[in-house]
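Now for the letters of each chain:
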Amino acid sequence: MTSTPSDPGRPASAAAPGRANTPGGNTGRPPAAPTGPSSATDQRPRTGVWLIGARGSVATTVVAGAAALAAGLHPPTGLVTETEPFAGCGLPPLDRLVFGGHDIATCPLPKRAEALAVGGVLPPGLPAAVNADLAAADAAVRPGGPQPGDRRSEQELIDAFATDLGEFLTDHRLERAVVVNLASTEPTSEDEHRLPPSSLYAAAALRAGCPYVNFTPNTGLHHPRLTEAALGSGLPYAGRDGKTGQTLLRSVLAPMFAQRALDVRAWSGTNLLGGGDGAALADPSAAAAKNAGKARVLSDALPTEPQGVVHIDDVPAMGEWKTAWDHVAFDGFLGSRMILQTIWQGCDSALAAPLVLDLARLAAAAHSAGLSGPRPDLGFYFKDPDGGPAALAEQWQALCGFADRLRAAKPEADAVPEEDR
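Keep in mind it's a predicted model, so treat the numbers as computed, not measured. (Residues numbered from 1 in each chain as written. Predicted model: local features only at pLDDT ≥ 70, side-chain atom pairs only at ≥ 80, totals over all residues. Heavy atoms only, no water.)

## Describing the side chain of Glu186
Looking at where Glu186 falls in the secondary structure, it is placed in the loop between β4 (176-181) and α6 (197-208). One buried charge, Glu186, has no salt-bridge partner; the nearest side chain with opposite charge is Arg240, at 7.4 Å. (Helix = DSSP H or I, 4+ residues; strand = E, 2+ residues; numbered from the N terminus. Buried < 20%, exposed > 50% of the residue type's maximum accessible area, 1.4 Å probe, protein only. Lys, Arg positive; Asp, Glu negative; His and termini not counted. Salt bridge = Lys/Arg side-chain N within 4 Å of Asp/Glu carboxyl O.)

Here it is as structure tokens:
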């Protein structure tokens, strides 16, 4: 398949619901054997989850967590799609998810999981309990890029990434695959015509006929060169930047001030974090991209944008944990000056992983239902959603409405039995 440089993501043909284009074709390799808690005789359809940044902390937690939940080792705490409003929506069962992805890192997922357990992110003993699932996912990880010295053109990189996706679909006999971007925050590019790495992966998702979710503040499908191809792809997509902690709280508090007619004068914040995110966001350009979503929540919810900025400090000693502090100065009745302060302490990987699983399942169900284009109804999960309301309560109502729509689109005969959810 060929495409012009001005239309790098245009698929050969829009993928029909329940099917995906496979640019890799028949690779000549025998199909991969089913892995995970399901038996080899289980004939239920399987859904792929292709993670960009597949060996990072969030991705490792996603894979380990999905395996633990499918095996009944832990309850689905934090997984919204396992709650009652999403019953009967045709979501792919957790034990029918197959993981793969791209990454430039080389540390295998089982080793990464062991390190996360030492750091308190994963429960002790879990990496050993789900080692086979981690190893199977790691075997499906392909080299990402572009790496230093890589002379391939944009089109060659997109072709290579799309081929990897096609082979993943074919080798694992998948009904479809959802691409989820979990890569580190990339610096803002000064070249508006050049596709950043996140957009190369996004274009490859379009090329392979895969729904796309951008859980990062990176450009992804928001690049102007991909707009037409994304809209014409017939694929659902959503993003950007997962709302896991500080901004989640802001999306609840900001509407409260507006609804109570309280005048917010200033809203400042500080983030202390370590790990890969801390190192990546030490770059001022990357931090600016991250903070744009945090600021948008306030500007969308308040009558006037308050003074104040968010600082992000890299503190390697904190490892995978973070502390977010907010200071809100507001005026009450007769000009009475008041202050609200909040502190959020948590582990980003544990906060993000269930949201990633939710989004992968919802995007897959949307594709199965024939829905396409940007999904503002998934704004509940994002700092910078594709339209829709800004307040969390309203976003929740939109998400529940989306669940109703999926349920209505799901033929009764094809509904997933309750015991298989």
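## With respect to α6
Between the first and last C-alpha of α6 there are 17 Å, a value that for twelve residues agrees with the 16 Å anticipated at 1.5 Å per step. With respect to burial, α6 is a largely interior element, eleven of its twelve residues being buried. Within α6 the residues assigned to the buried category are Ser198, Ser199, Leu200, Tyr201, Ala202, Ala203, Ala204, Ala205, Leu206, Arg207 and Ala208. Where α6 ends, the next residue or the one after it, Gly209, has phi of about 75°, a positive value. (Expected span 1.5 Å × (residues − 1).)

## Some words on the packing of aromatic side chains
Within the structure shown, the criterion is met by seven aromatic pairs. Seen in terms of ring centroids, Phe257 and Trp267 are 5.9 Å apart; in terms of plane orientation they differ by 80°. Their pairing is edge-to-face. Within this pair, whereas Phe257 is found in helix α8 (residues 246-259), its partner Trp267 is found in strand β7 (residues 263-273), the two being separated by ten residues in sequence. Across this residue pair, the class does not change: Phe257 and Trp267 are buried. What links up through ring pairs into an aromatic cluster is the set Phe86, Phe380, Tyr381 and Trp396. (Phe/Tyr/Trp six-rings, centres within 6.5 Å; stacked < 30°, edge-to-face > 60°.)

## Some words on the environment of His172
By the secondary structure assignment, His172 is in the loop between α5 (154-171) and β4. Exposure remark for His172: the relative accessible area of 13% places this residue in the buried category. Residues His172 and Gly48 lie 124 residues apart in sequence; the distance between their C-alpha atoms is 8.3 Å.

## What about the nonpolar core?
Across soluble globular proteins, nonpolar side chains show a tendency to be buried alongside one another. In terms of nonpolar packing, the biggest core is built from 60 residues, with Leu51, Phe99, Val180, Phe215, Leu362 and Tyr381 touching the most fellow members. Sorting the residues of this core by element identifies β1 (47-52), α1 (57-70), β2 (97-103), α2 (109-118), α4 (131-139), β4, α11 (348-368) and α12 (392-409) as the ones contributing at least two each. In terms of residues, this core owes the most to one element, α11, which gives twelve residues. Discounting residues that sit within four places of it in the chain, Leu51 has contacts with Ala59, Val62, Val63, Phe99, Gly100, Gly101, His102, Val180, Leu182 and Val356. Counting residues in each nonpolar core, the second largest holds 31 residues, with Ala140, Ala204, Ala205 and Ala230 among its members. (Core = buried A, V, L, I, M, F, W, Y, C linked by side-chain atoms within 4.5 Å. Contact = heavy atoms within 4.5 Å.)

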